[in-house]
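Per-entry structural report
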Amino acid sequence: MLKIAVAGATGWVGRALCLAIADADELELVAATSRSQAGKSLGEALDWPGLDLIVTGNVREALAAQPEVLVDYTSAVAVKDNVLAAINAGVHVVVGSSGLSEADFAEIDALARAKDVGVIAAGNFAVTAVLLQRFAVMAARYLSQWEIIDFASDSKIDAPSGTTRELAHRLAQVRPPAPTLAISETVGEIDSRGTDLEGTQIHSIRVPGYTLSAEVIFGAPDERLTIRHDAGSGPEPYIGGTLLAIRRVTELVGLIRGLDQVMD
């Protein structure tokens, strides 16, 4: 049995993930964290009888249960400290939270290699989001200009989203875009052209009505290609991908970015 701890166990994805882990024959949920539900049984916190595990208030308490894998679905302000604490304890990590920068990823990778553990971080564990990345990488080999639009709810505090950060990172591995006019040549407010992330311009929109959407627009003379992922209001699309990452992460050393890196 692979022992799992879930940080953010009562959150949007965490709730469904805990139930899926409890249902899996080869996985054992040994710890769950939630600041708002600490001290309660997980069954009471999730309104799901039979889950007697006591919820802890933070990751360091959860690590005392000696999990082999920590899954983080917390928030942009907590995720880095949680991941580093787990790695320092020799625990493999699956990162579903957004908000990590390129510098954060570099630090995590170096520490994971030093501690001989694996980390899988994905901006989005939904299969359709993974396909968006894969198809966009294919398109970037043939089309030299693109920009990304990042849509999320008005309550999302980090920007760009983890999904679009990862998309920009993957596109940068192919080549930088080649705009007709350099962004520095913009006449007017240069911030209106979005933020530059690894060479790609990203425009983040935060308004009610969205859960999470990512759109990459490729352009060529007299033609255009748009590839878009839209998330619904439920967590189900993320569960299968997260379970796959949990099962694969113990085979790795260092950081792997993107679920597609371990799917094939």
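Please refer to the structure placed before this passage.
Keep in mind that this is a model prediction, so the values were computed, not measured.

A look at the overall build of the chain
When you go through the chain residue by residue, the secondary structure sums to 9 helices and 11 strands. Its C-alpha radius of gyration of 19 Å places the chain within 12% of the 18 Å reference for a compact globule of 264 residues. With respect to the principal axes defined by its C-alpha atoms, the chain has extents near 60 × 40 × 30 Å. Out of the 264 residues belonging to the chain, those deemed buried represent 49%. Relative to all contacts within the chain whose residues are 6 or more apart in sequence, the contacts with residues 24 or more apart total 70%. When the accessible surface of the chain is totalled, it reaches about 12,300 Å², and 51% of it is carbon and sulfur. The chain carries 21 positive and 34 negative side-chain charges, and their two centres are separated by 2 Å.

So, the environment of L131
Along the chain, L131 falls in helix α6 (residues 127–140). Between the C-alpha atom of L131 and that of R228, which follows or precedes it by 97 residues, the distance is 9.8 Å.

Some remarks on the nonpolar core
Core analysis: the largest hydrophobic core is formed by 39 residues, its most contacted members being I4, V6, L17, I21, L42, V71 and I246. Mapped by element, the contributors of at least two residues to this core are β1 (2–7), α1 (12–23), β2 (27–33), α2 (42–46), β3 (69–72), α6 and α8 (236–249). Counting 26 residues, the second largest nonpolar core, distinct from the first, contains V30, A85, I108 and A112.

Describing the pairing of β1
β1 sits mainly inside the fold: 5 of its 6 residues count as buried. Relative to β2, β1 runs parallel, the two being bridged by 6 bridges. When the bridges of β2 are listed, I4 appears paired with L29. Where the polypeptide runs from β1 across α1 and back to β2, its parallel neighbour, the crossover connection is right-handed. Bridge count between β1 and β3: 4 bridges; the pairing is parallel. By the bridge assignment, A7 is partnered in β3 with D72.

Some thoughts on a nonpolar patch on the surface
Together, V127, L131, F135, M138 and M263 make up an exposed nonpolar region whose accessible area comes to about 420 Å². The element contributing the most residues to the nonpolar patch is α6, with 4 residues. Structurally, F135 is set in helix α6.

Section: the pattern of salt bridges
Where side chains of opposite charge bring their charged atoms close, a pairing between them can arise. One pass over the structure, following the stated rule, counts 13 salt bridges. Note that E215 is salt-bridged to R228, the shortest N-O span being 2.9 Å. Here E215 is found in strand β9 (residues 212–220), whereas its partner R228 is found in strand β10 (residues 223–231), with 13 residues between them in sequence. Accessibility expressed as a relative area gives 35% for R228, which makes it partly exposed. Look at the salt bridges and you will find they share partners, linking K80, D104 and E107 into a network.

So, the layout of surface pockets
One number sums up the size of the largest pocket: a volume of about 750 Å³. As for the largest pocket, its lining consists of 28 residues, of which W12, T74, G96, S98 and K156 are closest to the centre. Of all elements in the fold, only α1 and α7 (162–174) reach the threshold of two or more residues within the lining of the largest pocket. Ranked by residues supplied to the lining of the largest pocket, first place goes to α1 with 3 residues. Partitioned by chemical class, the residues of the lining of the largest pocket number 10 nonpolar, 16 polar and 2 charged. Considered as a void within the structure, the second largest pocket measures approximately 310 Å³ in volume. Taken together, 16 residues form the lining of the second largest pocket, with T33, R35, G57, T74 and A78 sitting closest to its centre.

Cut-offs applied
- Residues numbered from 1 in each chain as written.
- Predicted model: local features only at pLDDT ≥ 70, side-chain atom pairs only at ≥ 80, totals over all residues.
- Heavy atoms only, no water.
- Helix = DSSP H or I, 4+ residues; strand = E, 2+ residues; numbered from the N terminus.
- Rg over C-alpha atoms; globule rule 2.2 N^0.38 Å.
- Buried < 20%, exposed > 50% of the residue type's maximum accessible area, 1.4 Å probe, protein only.
- Contact = heavy atoms within 4.5 Å.
- Areas by Shrake-Rupley, 256 points an atom, 1.4 Å probe, with all protein chains shown as cover.
- Lys, Arg positive; Asp, Glu negative; His and termini not counted.
- Charge placed at Lys NZ, Arg CZ, Asp CG, Glu CD.
- Core = buried A, V, L, I, M, F, W, Y, C linked by side-chain atoms within 4.5 Å.
- Pairing = 2+ DSSP bridges.
- Right-handed = clockwise from strand over helix to strand, strands pointing away.
- Patch = residues over 30% accessible without salt bridge, like charges linked within 9 Å, V, L, I, M, F, W, Y side chains within 5 Å.
- Salt bridge = Lys/Arg side-chain N within 4 Å of Asp/Glu carboxyl O.
- 1 Å grid on protein atoms, 1.4 Å probe; cavity = no way out; pocket = protein on both sides within 12 Å on 5 of 7 lines; lining within 4 Å.
- Points joined across faces, edges and corners; volume = space filled by probe spheres on them.
- Nonpolar A, V, L, I, M, F, W, Y, C, P; charged D, E, K, R; others polar.

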